[in-house]
Amino acid sequence: VERYEIDVAFEPERGFLRAKAAVTLRASGGTDAIEFELNPALTIQEITDAQGRKLAFDRSRRLGSPRLLVRLAEPVAADAADQSLTLTFVYEGVPQLPGLDYINKDGILLRDEARWYPALDLAAFTENGYVIHLPTGWQVTDGSEAAAKTGFQPSGLYAFRPARRSSSRSLVAFPTREPSGKDCLLLRMSHGPEYEVMACMPWVQQPQRLQEDVHRILGALESAFGKYPSRYFSIVLGFPGQRGAIGYSAPGFVVVSEDAVKWQGVRGYSSEFLPHEIAHQWFPIEVTLARQEDGWLAESLAEYLAWRYLQETSLLDAKKMVARAMRDSLAHEPLRPVGLGLRLFGLEEWDVTYATLYQRGMLVWRTLETVIGRQRVDAALREYYKRFAGRSASVANFRKICEEISERDLGWFFDYYIGGTRTPEIELHRLPGGAPGELLGEIVVRDAPPEFTARVEVRIHTTTGAVDHSVATRDAVTPFSLNVSGQVTGITLDPDARILRWTEAARSNRRQRQWMASLGALERARQFTEALEVTQRALEADPQDLAANEQQIRFARGRLYDRLRQYTRAMQEFGRVLELSSHDQPSTDLFRAWARVYRARIERRRGNMAAAQAEANAGIAINAPALDTEVTWPDSPEKKTTAAQELRALAK
Ligand SMILES: [Zn+2]
């Protein structure tokens, strides 16, 4: 497909659209039918060709299939290498929107995946022209400069023609509250990059901070990987009524949920979310994916770039992001290859997809730094963007660039870490001997291919302080010697977790998950004592709390003792919950707040009203977004509530 001319009218109240879409494409000689995709709930009134002839078409009989075969009036001449055809589709209806998409009174988001227009390739770069009919007072954008310049049209009628070819036909629309359309603020930066950032979110009092964050992220990515391709960037509030940090990135705009906006800038709350979404402007929006299997170059890369951004702006968040990934990316049994890419979304539950493509995929990028060096990774990304912007590319294309830049064969790396599911064991052994002030040791790599080589960092703790060294491994066993001053008191292998490998935290986490998996069933069967036994085993599986799961386990124990009416024990467990933390700030806050709820309830049952109030007030003082998270606990499974609600009631 080369061009779309789409005239579409929306009736948001009933989720309805009516469209006329002219699709210009090049067909090769001999073609007599073309297979498109269109949302199966849309009714096609007619399909005509450039001569005005009505064309026959077949829709797939498989339920929910978007497939649509259009028969040409006559085949493209066999000797015509590439013939231009324009087909016009007239269709209407209430599309089935199972994903992030929506059409309702609060707004519209139609991604390419909604198949709201006839598509051959959802990520094709095409020229587009739009005429969009909306209710009066609504605003729409496709993220292009043309749409930004069209601005707010009080009539609800928009016509614009983006100058650049785009890899997406996604649209976002929303009703404005100000009759002037001033809900969309334009932030003009007086210096620095040339683009302008719009924040379209009526209820946010001070969208400037968000705009500035977006601007800073765009600037950081631009200086790292190449120019941001658009003059405008819009950040639009969307996903009405949905909780949690949700985002969608399309050329020139990102749609974010209410929670994502509220959490932006709160330490530890999805701090990687906004840089991840904005990184998609480069990958995979400017360099699209050749195949679904190349998803490492989209989700994993966006996650890696988000981590890089956090490393510059919020080191603690960056460290926790890595700690979570090192633990959780190896949690599922069996592991899935990162090389399944975007296919994982259809094949697996979200938590497996997240652990594989986002977390493990991000760690694979970091591991690549230890193999060819960070500067070469950056150089490869710049070259990849330069070479493929405006086109699609594959993991194989990126590998070739890495090999050119590092002058090495990296087949083993891509086969092992992306194609496979094996993960190395890396150990450090101290060896006896050595001269005074000399440390002898060896690094042993197991379950890795013979070509495996990486730069392993070693932190030597001595009586005079800690010193970092790095050792390039060559074979399964790499001996090394280091000069040290003072007495060696300890050695830490890979202290910054730069290499994707098995760690004690990941192993402990796996064991703990196995124990905790049976907890829900035991609790439902009211076998509280047996359930406590299981939590005890889980605690014993990680006595040093390397996996940082103890807070969650103590919380479960507190609840179980509470159900057994052993209030002294329950108070002790909830007391530990208040002292402990996890790798995830929202969880940490949630467990602490709920520990206060349970402690306040116990105090009240004991008749200690002042103590109950004090617990509740201490809970309210946590003052974190997690207090507003709706939860249910097994002791009252039908009751959805928030810690804030419970604490306020208990504080009275
Ligand atoms: Zn993403």
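Here the structure is a predicted model, which means the values were calculated and not measured. (Residues numbered from 1 in each chain as written. Predicted model: local features only at pLDDT ≥ 70, side-chain atom pairs only at ≥ 80, totals over all residues. Heavy atoms only, no water.)

Focus: the overall build of the protein chain
Part 1: Counting secondary structure elements, the protein chain contains 19 helices and 26 strands.
Part 2: Expected size for 652 residues packed as a compact globule is a radius of gyration near 26 Å; at 28 Å, the protein chain falls within 12% of this value.
Part 3: On the principal axes, the C-alpha backbone points of the protein chain span a range of 85 × 70 × 55 Å.
Part 4: Burial analysis of the protein chain (652 residues in total) assigns 54% to the buried set.
Part 5: Per element, the accessible surface of the protein chain, about 28,800 Å² overall, is 48% carbon and sulfur.
Part 6: Taken as two groups, the 82 positive and 85 negative side-chain charges of the protein chain have centres that lie 3 Å from each other. (Helix = DSSP H or I, 4+ residues; strand = E, 2+ residues; numbered from the N terminus. Rg over C-alpha atoms; globule rule 2.2 N^0.38 Å. Buried < 20%, exposed > 50% of the residue type's maximum accessible area, 1.4 Å probe, protein only. Areas by Shrake-Rupley, 256 points an atom, 1.4 Å probe, with all protein chains shown as cover. Lys, Arg positive; Asp, Glu negative; His and termini not counted. Charge placed at Lys NZ, Arg CZ, Asp CG, Glu CD.)

Thoughts on the sheet that holds strand β13 (residues 171–175)
To summarise the sheet geometry, strands pair through backbone hydrogen bonds and adopt either a parallel or an antiparallel arrangement.
Part 1: A sheet is described by the order of its strands in space; here four strands give the open sequence β8-β9-β13-β11, paired in antiparallel fashion. Two strands bound the open sheet, and with one partner strand each, they are β8 (102–104) and β11 (138–141). Averaged over all neighbouring strand pairs, the angle between strand axes comes to 15°, with direction disregarded.
Part 2: Sheet topology note: the strand β9 (residues 107–110)/β13 ladder contains three bridges and is antiparallel. In the sheet register, L110 faces β13, and the bridge partner there is L171. (Pairing = 2+ DSSP bridges. Axes fitted to C-alpha atoms, helices over the stretch in contact; angles between N-to-C directions.)

A word on the sheet that holds strand β3 (residues 33–37)
Part 1: With antiparallel pairing, the three strands of this open sheet are ordered in space as β3-β6-β5. One side of each edge strand has no neighbouring strand; the edge strands of this open sheet are β3 and β5 (57–59). Pairs of neighbouring strands in the sheet enclose a mean axial angle of 20°, with direction left out of account.
Part 2: Where β5 lies against strand β6 (residues 67–71), three bridges are found, and the strand directions are antiparallel. Looking across to β6, one finds that F57 is bridged to V70.

Function-wise, these values are silent; they only describe arrangement.
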